[in-house]
Number of protein chains: 2
Amino acid sequence: MSESNDRLRDVFRAAGRRLTPQRRLILEVLEESDEHLDAEALHDQAKIHDPDISLATVYRTLAVLKEMGLVEEHHLGEDHSHYEAVRDGPHYHFTCLGCGKVIEFDTPLIAQVKQELSEREGVRVIGAHLHLSGYCAQCQAKKAGGQGSNEE
Amino acid sequence: MSESNDRLRDVFRAAGRRLTPQRRLILEVLEESDEHLDAEALHDQAKIHDPDISLATVYRTLAVLKEMGLVEEHHLGEDHSHYEAVRDGPHYHFTCLGCGKVIEFDTPLIAQVKQELSEREGVRVIGAHLHLSGYCAQCQAKKAGGQGSNEE
DNA sequence: TTGCTAATGCAAATCATTCTCAATAAGAAG
DNA sequence: CTTCTTATTGAGAATGATTTGCATTAGCAA
Ligand SMILES: [Mn+2]
Ligand SMILES: [Mn+2]
Ligand SMILES: [Zn+2]
Ligand SMILES: [Zn+2]
């Protein structure tokens, strides 16, 4: 029982950082969530497991996790940020202007764009955020049909 | 000389809004700038021509112009928004993480992505923001020269 | 176990953006 | 041109998100 069986701790050590219960918790909440949480929602979730965790720690941890490449920040139309744990392949987002729903999708075309730009401009592309917006199928139907509920 | 020779005023009237000197000025500043200005920089520019224009009016006008499709808002890595006048064709952005330089580019591939997604998900895509980040040619050179960082 | 110091909780501070409200002025009507 | 309605403005307070200072705690290397 003396082996370092803790991958996450190793990752933090490699980055010269300490792994605290709060950090582990925040990352867990993000990894288990299928939504794009904002800081406050994340804080609420985390408080279920650690009622004393502070919002400041949430923000500080998000910054750390982002720096370590474990978490991504998104600006999805709202005035504040949303976060999600980084998964295997990249993916992109569509936000419905009517109901706020977010659809995730992937496409090899973005890799092509990166390639094109790298060659054309001599840049090295690290990150790619594609954010489409418009109206989802349901919201289109709602609009076309008649009039009724208006949410924002 | 009695013709309504004022296109912009017509656009505003058609939108049921009033064209004020402040609004005209703000749009002019944006159209004449080749940068992606934030609200404060825009305010500073505008104050050169109208020292009394308020920051609140800048924000309010940006909202109006955005709604009218004359201006676009961008989140370019910074924690605040940047704005630019909408031009003919769409274009996308690359930000250098080293020096902050923004490179604009276009590619037909994004239209393909929009098409793909529309068909696959039945959504109607209105807007598309692609934001790449990484290091520009100069910043790569700077990095390679100084330290022993070796990659790819 | 000890010691150094990174990380935390709390509250105050900052920063960007929005709102309130009285005064002003755009533009339609006459 | 004058009048009238009310959208728009400037100033500053208010808000909401994120950050920071500081005293205390606790991770982890030795
Ligand atoms: Mn996602
Ligand atoms: Mn641009
Ligand atoms: Zn919808
Ligand atoms: Zn650069």
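Going by the structure above, here's the rest.
Residues numbered from 1 in each chain as written. Chains lettered and ligands numbered in written order. Predicted model: local features only at pLDDT ≥ 70, side-chain atom pairs only at ≥ 80, totals over all residues. Heavy atoms only, no water.

On to the pairing of strand β3 (residues 82-85) of chain A. All names here are of chain A. Going residue by residue along β3, you find H82 and E84 tucked away on one face and Y83 and A85 tucked away on the opposite face as well. Relative to β3, strand β1 (residues 37-38) runs antiparallel, the two sharing two bridges. The residue bridging L37 from the neighbouring strand is Y83, located in β3. Strand direction decides the pairing type here: strand β2 (residues 71-74) and β3, joined by four bridges, are antiparallel. (Buried < 20%, exposed > 50% of the residue type's maximum accessible area, 1.4 Å probe, protein only. Helix = DSSP H or I, 4+ residues; strand = E, 2+ residues; numbered from the N terminus. Pairing = 2+ DSSP bridges.)

Pairing is antiparallel across the open sheet formed by three strands, whose spatial order is β1-β3-β2 (chain A). Here the strands that pair on one side only, and so sit at the sheet edges, are β1 and β2 of chain A.

Our next topic: the coordination of the zinc ion (ligand 3). Around a metal, the idealised angle for a tetrahedral arrangement of four donor atoms is 109.5 degrees; for an octahedral arrangement of six donor atoms it is 90 or 180 degrees. Distances from the zinc ion (ligand 3) to its protein donors, C96(A) (SG), C99(A) (SG), C136(A) (SG) and C139(A) (SG), fall within 2.2 to 2.4 Å. A relative accessible area of 37% places C99(A) in the partly exposed class. (Donors = N, O, S within 2.8 Å, 3.2 Å for Na, K, Ca; no water.)

Looking now at the pattern of salt bridges. Under the definition given, this model contains 18 salt bridges over all chains. Residue D10(A) is joined to R13(A) by a salt bridge in which the shortest nitrogen-to-oxygen separation is 2.6 Å. Highlighted residues: D10(A) and R13(A), both in helix α1 (residues 7-14), separated by three residues, approximately one helical turn. A salt bridge links D44(B) to K47(B), with the shortest nitrogen-to-oxygen separation between them at 3.7 Å. Of this pair, D44(B) and K47(B) both sit in helix α3 (residues 39-49), three residues apart, roughly one helical turn. Overall, K47(B) belongs to the partly exposed group, its relative accessible area being 33%. (Salt bridge = Lys/Arg side-chain N within 4 Å of Asp/Glu carboxyl O.)

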